[in-house]
Amino acid sequence: MSSEIRTSIHGQWSSRMMFVMAATGSAVGLGNIWKFPYITGENGGGAFVLVYLLCIAAIGVPIMMSEIMLGRRGRQSPINTMATLAAEAGRPKIWSMLGWFGVIAGFLILSYYSVIAGWALSYVFRTASGMFEGVTADGANSIFTALVSDPEKLLAWHTLFMIATTFVVARGVKHGLEKAVSYLMPMLFALLIVLVFYSMTTGHFMQGASFLFSPDFSKLTAQSVLTAMGHAFFTLSLGMGAIMVYGSYLPQDTSIAKASILIALADTVVALLAGLVIFPIVFANSLEPGAGPGLIFQTLPIAFGQMEAGVLIGTLFFILLVFAAWTSSISLIEPAVAWLVENHGMNRIYASVFVGMITWFVGLGSMLSFNVWSEHRLFGLNFFDLLDYLTANIMLPLGGLFIVIFAGWLMKTEASKNELNTTKSGYNVWLILSRYVAPVAVMVVFLSAIGVIKLS
Ligand code: PHE
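Residues numbered from 1 in each chain as written. Predicted model: local features only at pLDDT ≥ 70, side-chain atom pairs only at ≥ 80, totals over all residues. Heavy atoms only, no water.

## What about the packing of aromatic side chains?
A full pass over the atoms with the stated rule returns 29 aromatic pairs. Taking 5.2 Å as the distance between ring centres and 75° as the angle between the ring planes, the aromatic pair formed by W13 and Y246 counts as edge-to-face. Placement of W13 in the segment before helix 1 (16-27) and of Y246 in helix 11 (residues 242-247) is noted, with a sequence separation of 233 residues between them. For the pair shown, W13 and Y246 are each scored as buried. (Phe/Tyr/Trp six-rings, centres within 6.5 Å; stacked < 30°, edge-to-face > 60°. Helix = DSSP H or I, 4+ residues; strand = E, 2+ residues; numbered from the N terminus. Buried < 20%, exposed > 50% of the residue type's maximum accessible area, 1.4 Å probe, protein only.)

Printed below as a string of structure tokens:
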């Protein structure tokens, strides 16, 4: 079968721009605004950011191109796409396991992602109520602590967010996903810029910027390099099939290279802007950069409490954050839903509800790990930390590694040339990055994190 006549039974993006929007919607989310600042704070700033940027460029972009390419060529859920492409390349069917691996990673990520999105949702109402007007650092901290130590409240928000996610996925690619993204992403971007201007007034802007951009390599450990790499996968939605399934809805004539670079760029800019907003506030209020997952919830309210029209800007900000999380969460379960529709003839609505319910259930564990279960630990990590570590630092890079090995080494070069359809030198750059740079980098970082090799 030639790739030209393959189309997805789930539909197609209505335009090339829509794909870029939707994939950017998947990439830009809590990872950029909630996770990037707090892990940067925990890992000492500049040097960590530099490693993260290198990982985006040298590992993230080639893997994103590979993932989109596999999706578009297979035109099905990642599980069936990998089975089809393995057959086409004369490779064993076991490659479809890669799709399964991604489906599981997606469940696990969404289960805790939804809990954090629930925090953001509750902050919409808190900010709107004027609760943060004139709030001090201590006040913001105790409001946050009160929320996360209340399982009943968390349950309500987590449930609400999962319902919202399931609803959009049930409506399907075009009707559900496209519309929301095209308005909300640019608004989020604009609001971040407004907040950067606020941060400039704190008197600590330069300190924040230098924390982000002046590398101090003595702060870098093998674990923080792994965290930076894992985050590059997480933030670009790579390694679990989300971008692959979006690629399967991509019109044939779109340039995969251009789209990937655009998506990675937009994603990176949003993360860096978030950092430029958060750290000046952290230093201006003598807060701890390594405060952990609550960082943005403990810092932003102070800013909203002080600035002109803070209630309005703050409320709008959290609304947009929830939307950013929403457009990411739908891509986390789309691979599973697409597979249920393809292989079990399940109708899309049932499939979404089914997947949504399982994810909701697993999420209860993360929710409780912030309160009732906070002392239940394995390797010193609670349930949320454990899921986060397992998915972002292990499963996504491993998934990405296999994706890039398949695309770079096992797929026929005519096939990849044909799909990528770029200039000769562009193709060669991709090939070198995918065959050598990305796989070797991922393996070296893994091996050094488990102590097999020492980098410094
Ligand atoms: N990229 C999303 C974010 O940064 C999270 C995500 C990870 C989405 C993996 C899909 C797949 O918030």
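## Concerning the site of the ligand
By nearness alone, 15 residues border the ligand, and A27, G31, Y113, F234 and S237 come closest of all. Take S26: an N or O atom from its main chain is 3.2 Å from a nitrogen atom of the ligand. Note that an oxygen atom of the ligand is positioned 3.4 Å from one of the side-chain N or O atoms of N32. Using a 2 Å cut-off from the grid points, one finds that the ligand occupies the largest cavity. Broken down by secondary-structure element, the contributors of at least two residues to the shell around the ligand are helix 1, helix 2 (30-42), helix 10 (222-235) and helix 14 (310-344). Grouping the constituent residues of the shell around the ligand by class yields seven nonpolar, eight polar and no charged. (Near = heavy atom within 4 Å. Polar contact = N/O pair within 3.5 Å; in protein donor to acceptor, adjacent residues only side chain to side chain. 1 Å grid on protein atoms, 1.4 Å probe; cavity = no way out; pocket = protein on both sides within 12 Å on 5 of 7 lines; lining within 4 Å. Sits in = over half its atoms within 2 Å of the grid points. Nonpolar A, V, L, I, M, F, W, Y, C, P; charged D, E, K, R; others polar.)

## Brief notes about the pattern of salt bridges
Summed over the entire model, instances satisfying the criterion amount to eight salt bridges. K35 is the partner of D388 in a salt bridge, and the nearest nitrogen-oxygen pair spans 2.8 Å. Of this pair, D388 sits in helix 16 (residues 383-410) while K35 sits in helix 2, and the two are 353 residues apart along the sequence. You can call D388 buried: its relative accessible area is 12%. (Salt bridge = Lys/Arg side-chain N within 4 Å of Asp/Glu carboxyl O.)

## Notes on the packing of helix 14 against helix 15 (residues 348-369)
Where helix 14 meets helix 15, the axes come as close as 9 Å, and the angle between the chain directions of the two elements is 135°. Considering their axes alone, helix 14 and helix 15 lie oblique with respect to each other. As for the relative orientation of helix 14 and helix 15, their crossing is right-handed in sense. Taking contact as the criterion, the partners of I333, E334, A336, V337, L340 and V341 in helix 14 are, on helix 15, R348, A351, S352, F354, V355 and T359. Considering only residue class, the contact of helix 14 with helix 15 consists of eight nonpolar, two polar and two charged. (Axes fitted to C-alpha atoms, helices over the stretch in contact; angles between N-to-C directions. Parallel < 35°, antiparallel > 145°, perpendicular 65-115°, else oblique. Left-handed = near helix turned anticlockwise from the far one by under 90°. Contact = heavy atoms within 4.5 Å.)

## Points about the side chain of E67
Within the secondary structure, E67 sits in helix 3 (residues 46-74). One polar contact links the side chain of E67 to the main-chain amide nitrogen of M244, over a distance of 3.1 Å. Once you skip the residues sitting within four places of it in the chain, E67 turns out to touch S237, L238, G239, M240, G241, A242, I243, M244 and I403.

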